[in-house]
Amino acid sequence: MFVVIGKQGQLAQELAARLNDRAICLGRNEIDLGSMRGIEEALAGCSIDAIINASAYTAVDRAESEADLAYLINQTAVGNLARYAKAHSVHLVHVSTDYVFSGQKGSPYLPTDELAPLGVYGASKAAGEKELHAVIPEGGCILRTSWVYSRFGNNFVKTMLRLMQERDALSVVDDQIGSPTEASGLARACIEAAERKLSGVYHYTDEGVASWYDFANAIQDIALEYRILHKRIPITPIPSAAFPTPAKRPNYSVLDKQSLRATFTGLCGRHWREPLRDLLITLADKP
């Protein structure tokens, strides 16, 4: 049996859909990750093969004013899960982010590259990684990912579709570069890491790179093709400086996936436009 930490998030819902009765999914109302006692009580009597931590504080801008909460969920909770895993000989898979990097390298980030986050969100996720390594240096797996979207929850794809229906024009930043990642592939990677009890740090994203501007254009093109949208609107590229946010984001956070390709067996590298097309087809088929 797998325990998935998280219930309403995009990744947690993808994991639940794939694992079905092989998983128990626990949200924040069912497990207190801030205390060891809360974790012990929630998992008492469970026969656990692995824990997949799909829970995170991901509100990048709000984290700047809610640092305590971000660190509680992204660091303290991870450390507590690692201590539980160590005490009960349970494998732990933890999901992290490209935002642990500064974006200044200029080439894809290796799993071994130095962490240098720019904001509270990235710093809290980096702290969670370090906490896990300190507790179970050989007994856990960290999967870093980026720009996640899915059929579940709120995300960039759904936001763009809504704005493209409501507005006559959009402006989208074009100087932040990364890799869009559809959550079902990430869920498969998490499950393989849990089933095979893989350890270490790996990077998982869909293939290819894009700016948010490129991503928005692809969403509109495919949505028009499948008649989710019925009119094309102009999308203007703008620099990040023209759209200031509380948190600074890395300009280039592409993740190098060579070690993942060499270790994982159940994954096929698809360019990010392919899973995006699949998702939009699914949305087009909904009544």
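We now turn to the structure provided with this report. (Residues numbered from 1 in each chain as written. Predicted model: local features only at pLDDT ≥ 70, side-chain atom pairs only at ≥ 80, totals over all residues. Heavy atoms only, no water.)

### What about the packing of helix α1 (residues 10–19) against helix α6 (residues 183–195)?
Item 1. Between α1 and α6, the shortest axis-to-axis distance is 9 Å and the interhelical angle comes to 65°. Seen from above, α1 lies across α6 with right-handed handedness. Across from Leu11, Glu14, Leu15, Arg18 and Leu19 in α1, the residues of α6 making contact are Ala183, Ser184, Leu186, Ala187, Arg188, Cys190 and Ile191.
Item 2. Residues belonging to the contact of α1 with α6 are distributed by class as follows: 8 nonpolar, 1 polar and 3 charged. (Axes fitted to C-alpha atoms, helices over the stretch in contact; angles between N-to-C directions. Helix = DSSP H or I, 4+ residues; strand = E, 2+ residues; numbered from the N terminus. Left-handed = near helix turned anticlockwise from the far one by under 90°. Contact = heavy atoms within 4.5 Å. Nonpolar A, V, L, I, M, F, W, Y, C, P; charged D, E, K, R; others polar.)

### Quick notes on the side chain of Ser179
Item 1. Relative to the helices and strands, Ser179 resides in the loop between β8 (177–178) and β9 (181–182).
Item 2. Ser179 sits in the buried class, given a relative accessible area of 1%.
Item 3. From its side chain, Ser179 meets the backbone oxygen of Gly208 in a polar contact 2.8 Å long.
Item 4. Those residues in contact with Ser179, other than ones at most four positions away along the chain, are Ser146, Trp147, Thr205, Asp206, Gly208, Val209 and Val254. (Buried < 20%, exposed > 50% of the residue type's maximum accessible area, 1.4 Å probe, protein only. Polar contact = N/O pair within 3.5 Å; in protein donor to acceptor, adjacent residues only side chain to side chain.)

### Thoughts on the sheet that holds strand β1 (residues 2–5)
Item 1. Taken in spatial order, the 6 strands make up an open sheet running β2-β1-β3-β4-β5-β10, and their pairing is parallel. Each edge of the open sheet is held by one strand with a lone partner, namely β2 (23–26) and β10 (200–203). Each neighbouring strand pair of the sheet contributes to a mean axis angle of 20°, computed without reference to strand direction.
Item 2. Judged from the 4 bridges that link them, strand β5 (residues 140–145) and β10 form a sheet pairing that is parallel. (Pairing = 2+ DSSP bridges.)

### Notes on the state of the cysteines
Item 1. Here the structure, examined in full by the defined rule, presents 0 disulfides.
Item 2. The cysteine Cys141 is free of any disulfide, with Cys190 supplying the nearest cysteine sulfur at 8.1 Å.
Item 3. A relative accessible area of 0% means that Cys141 is categorised as buried. (Disulfide = S-S within 2.5 Å.)

### A closer look at the environment of Phe101
Item 1. Inspection of the secondary structure puts Phe101 in the loop between β4 (91–97) and α4 (120–135).
Item 2. Counting along the chain gives 92 residues from Phe101 to Ala193, while the straight-line C-alpha distance between them is 23 Å.
Item 3. Apart from the residues lying within four places of it in its own chain, the contact partners of Phe101 are Tyr109, Leu110, Asp113, Glu114, Leu115, Ala116, Pro117, Arg144, His203, Pro250 and Leu255.

### Overview of the nonpolar core
Item 1. The biggest cluster of nonpolar side chains holds 29 residues, and the ones touching the most others in it are Val157, Leu161, Met164, Phe215 and Leu276.
Item 2. Of all the elements in the fold, those that place two or more residues in this core are α5 (156–166), β7 (170–173), α7 (212–225), β12 (235–238) and α9 (273–285).
Item 3. For this core, the element with the highest residue contribution is α7, accounting for 8 residues.
Item 4. Among residues more than four places away in sequence, those in contact with Val157 are Tyr149, Phe215, Ile219, Leu276, Leu279 and Leu280.
Item 5. Core analysis: the next-biggest nonpolar cluster, separate from the first, contains 27 residues, Ala12, Ala54, Val95 and Leu186 among them. (Core = buried A, V, L, I, M, F, W, Y, C linked by side-chain atoms within 4.5 Å.)

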